[in-house]
Amino acid sequence: MPQRAPALAASISAALTLGLAACSSVSPSVPRPTPTSTAAADKPIAALRDSLLTWADLQPLLAEAAGAAALEEAILDRVLETRLRDASIAIPADARDVERESLALALQSDADLSPDQVQTQIDRLRRARGLGPTRFDALLLRNARLRALVRTATPTDITPTPDQLAQEQQIANGDRYRVRVFFNASQVICSQVRDEVLSANGPTTPQLLSSRFADAAVRLSTDPSSRAGGLIDAVSAADPAVPEAIRQSLATLQPGDLSPVLVTGRGFGLVLMEARTPAARQLTAEQVDQRVRSRLERLAMERLARECVTTSGLSVLDPSLAWSWENR
């Protein structure tokens, strides 16, 4: 079931992966490439017991393995540089530091983490995505460039409407629900699962219902949450990412209740209500406004990055790189 990510994951995704998902790649920008001389290509880069490896040995392998991602990065960097120059927009010398600080502050605020915890989370994701010092700095610069362009070119796209602010206010400050969900294209299967969950020879406890539901979700649910027994935590009834039938059921179910079979855009579903809790903390109107602006800005930056890549007029000349690009 689509849902708004927890604060920590959302903040990391929003601030750290902009330059990645923006153009369907998985790595940040790299510096503009320069022609590799024969001497540099033949320079040893690793030694075995009885031989040496050079960049020339690795080039076709690297091109096939990760060339498409690197090419997207180089394209985006080149196009952004040109657009900034044409628009007479200058990126401050401390742009990377500003982006790095903004990321840390967002994580501290949204997920209520200490500075040490924030840095641990960032380091963990950087390792998972292979973002070393050079590539991470390049990502921060890419974000700064994209941000400067969207703020200048499309300010209305990143200005929240009253409806957006009202909806975010409900999501941020309203009740949260811990539920288990089950989805399947078959109404018959959903009905059978509901009967199995409710059937009991003796008293039916909330724990027993939850256990039965989780088992059925693992076996038969088509939702990604099936791996966790259908468990979805911190759902908001105001979140438009949640199917309407599910959101409506949240308002009527009490902890321990199992919904009837629901009709959704993906077939049929069930919801088991486990708990209802108030928001951990109440956001101010200013904080809500900033959250919505940040999300709108991120979406605008992603659109711009995709447009930069798709309109670049690219022609791939290297055979190994062409294979990677065509099969990305």
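Relevant structure appears above.
In this text, all values refer to a predicted model and were calculated from it rather than measured experimentally. (Residues numbered from 1 in each chain as written. Predicted model: local features only at pLDDT ≥ 70, side-chain atom pairs only at ≥ 80, totals over all residues. Heavy atoms only, no water.)

### Some remarks on unusual backbone geometry
Put simply, the test is: In this text, helices come from DSSP runs of H or I with a minimum length of four residues, and strands from runs of E with a minimum of two, each type numbered from the N-terminal end. Exposed residues in this analysis have more than 50% of their type's maximum accessible area, buried residues have under 20%, and partly exposed residues fall in between, with area computed by a 1.4 Å probe over protein chains only.
Even without a glycine there, the phi angle at Ser88 is positive, about 55°. Inspection of the secondary structure assignment puts Ser88 in the loop between helix H4 (55-86) and helix H5 (95-111). Classification of Ser88 by relative accessible area gives exposed; the value is 68%. In this structure, Ala234 is a non-glycine residue whose phi angle is positive, near 60°. When you line up the elements, Ala234 lands in strand E4 (residues 231-235).

### Notes on the pairing of strand E6 (residues 267-277)
What counts is decided by this rule: Criterion used throughout: strands pair if DSSP finds at least two bridges between them.
Most of E6 sits out of view: nine of its 11 residues are buried. Here nine bridges tie strand E3 (residues 176-184) to E6, and the two strands are oriented antiparallel to one another. In the sheet register, Arg176 faces E6, and the bridge partner there is Thr277. Taking the residues that link successive antiparallel strands as the turn, the strand E5 (residues 262-264)-E6 hairpin has two residues.

### Here's the deal with the environment of Thr204
Note the cut-off: Here, two residues are considered to be in contact whenever any of their heavy atoms come within 4.5 Å of each other.
One can find Thr204 in the loop between helix H9 (187-198) and helix H10 (206-220). Judged by relative accessible area, which is 35%, Thr204 ranks as partly exposed. In the structure, Thr204 is positioned 52 residues away from Gly256 in sequence and 9.8 Å away in space, judged by C-alpha atoms. Here Thr204 is in contact with Leu198, Leu209 and Arg212, once residues within four sequence places are set aside.

### Here we look at the packing of aromatic side chains
Heads up, the condition is: Stacked, tilted and edge-to-face are the three classes applied to pairs of Phe, Tyr and Trp rings, where Trp contributes its six-membered ring and a pair requires centres within 6.5 Å; stacked means planes under 30 degrees apart, edge-to-face means over 60, and tilted covers the rest. As a reminder, the over-ring test applies to NZ of lysine and CZ of arginine, requiring each to be within 6 Å of the ring centre and within 35 degrees of the ring normal.
Within this structure, the stated rule accounts for zero aromatic pairs. Just above the ring of Phe183 sits the side chain of Arg266; from NZ or CZ to the centre is 4.4 Å. Directly above the aromatic system of Trp325 lies the positively charged group of Arg328, at a separation of 3.9 Å from the ring centroid.

### Quick word on helix H13 (residues 319-326)
Filter applied, for reference: In the analysis that follows, any N or O atom pair within 3.5 Å is treated as a polar contact, provided that within protein one partner can donate a hydrogen and the other can accept it, and provided that, for residues neighboring in sequence, both atoms belong to side chains.
For H13, the complete set of buried residues consists of Ser320, Leu321, Ala322, Ser324 and Trp325. Packing partners of the buried residues in H13 comprise H4 and helix H12 (285-310). Between the side-chain oxygen at the start of H13 and the backbone nitrogen of Ser320 there is a gap of 3.1 Å, and the oxygen is on Asp318.

### Here we look at the sheet that holds E6
We count it as follows: Inter-axis angles, ranging from 0 to 180 degrees, are taken between N-to-C directions of lines fitted to C-alpha atoms, where helices are fitted over the stretch in contact.
Pairing within the open sheet is antiparallel, and its four strands lie in the order E4-E3-E6-E5. Lying at the two open borders of the sheet, with one neighbouring strand each, are E4 and E5. Ignoring which end each strand starts from, the neighbouring axes of this sheet average 40° apart. Note that E5 and E6 share three bridges and pair antiparallel. Paired with Leu262 across the bridge in E6 is Gly269. Its contacts with the sheet put H10 on E3 and E6, and the angle it makes with E3 is roughly 45°.

### A few points about the packing of H4 against H13
Rules: Each angle receives one of four descriptions, namely roughly parallel if under 35 degrees, roughly antiparallel if over 145, roughly perpendicular if within 65 to 115, and oblique otherwise. When the near helix sits turned anticlockwise from the far one by under a right angle, the crossing is termed left-handed; a clockwise turn instead gives a right-handed crossing. Each residue is assigned to one class: nonpolar for Ala, Val, Leu, Ile, Met, Phe, Trp, Tyr, Cys and Pro, charged for Asp, Glu, Lys and Arg, and polar for all the others, Gly among them.
Axis separation between H4 and H13 bottoms out at 7 Å; the angle between their running directions is 70°. Considered as vectors, H4 and H13 are oriented roughly perpendicular to each other. Here H4 and H13 pass one another in a crossing that is right-handed. Note on element contacts: H13 touches H4 through Ser320, Leu321, Trp323, Ser324 and Trp325, opposite Pro60, Ala63, Glu64, Ala66, Gly67, Ala68, Leu71, Glu72 and Ile75. When grouped by side-chain class, the residues that make up the contact of H4 with H13 number nine nonpolar, three polar and two charged.

### Things to note about the environment of Leu299
Counting through the fold element by element, Leu299 comes out in helix H12. When the C-alpha positions of Leu299 and Asp157 are compared, they lie 9.1 Å apart, and in sequence the two are 142 residues distant.

### Brief notes about the pattern of salt bridges
Filter applied, for reference: Salt bridges are counted wherever a side-chain nitrogen of Lys or Arg sits within 4 Å of a carboxyl oxygen of Asp or Glu.
The final tally for this structure, using the stated rule, is 17 salt bridges. Among the ionic pairs, Arg151 bridges to Glu297, the shortest N-O distance being 2.5 Å. Of this pair, Arg151 sits in helix H7 (residues 133-153) while Glu297 sits in helix H12, placing them 146 residues apart in sequence. Taking the relative accessible area as the measure of exposure, Glu297 reaches 7% and is therefore buried. Glu274 serves as the salt-bridge partner of Arg178, at 3.2 Å between the closest nitrogen and oxygen.

### Describing a nonpolar patch on the surface
What counts is decided by this rule: Like charges within 9 Å and nonpolar side chains (Val, Leu, Ile, Met, Phe, Trp, Tyr) within 5 Å are joined into patches, using only residues over 30% in relative accessible area that form no salt bridge. Per-residue and other accessible areas were derived by the Shrake-Rupley procedure at a 1.4 Å probe size, with only the shown protein chains allowed to occlude residues.
Taken together, Ile45, Trp55 and Leu62 make up a surface patch of nonpolar side chains, about 290 Å² in accessible area. Along the chain, the position of Trp55 falls in helix H4. Overall, Trp55 belongs to the partly exposed group, its relative accessible area being 46%.

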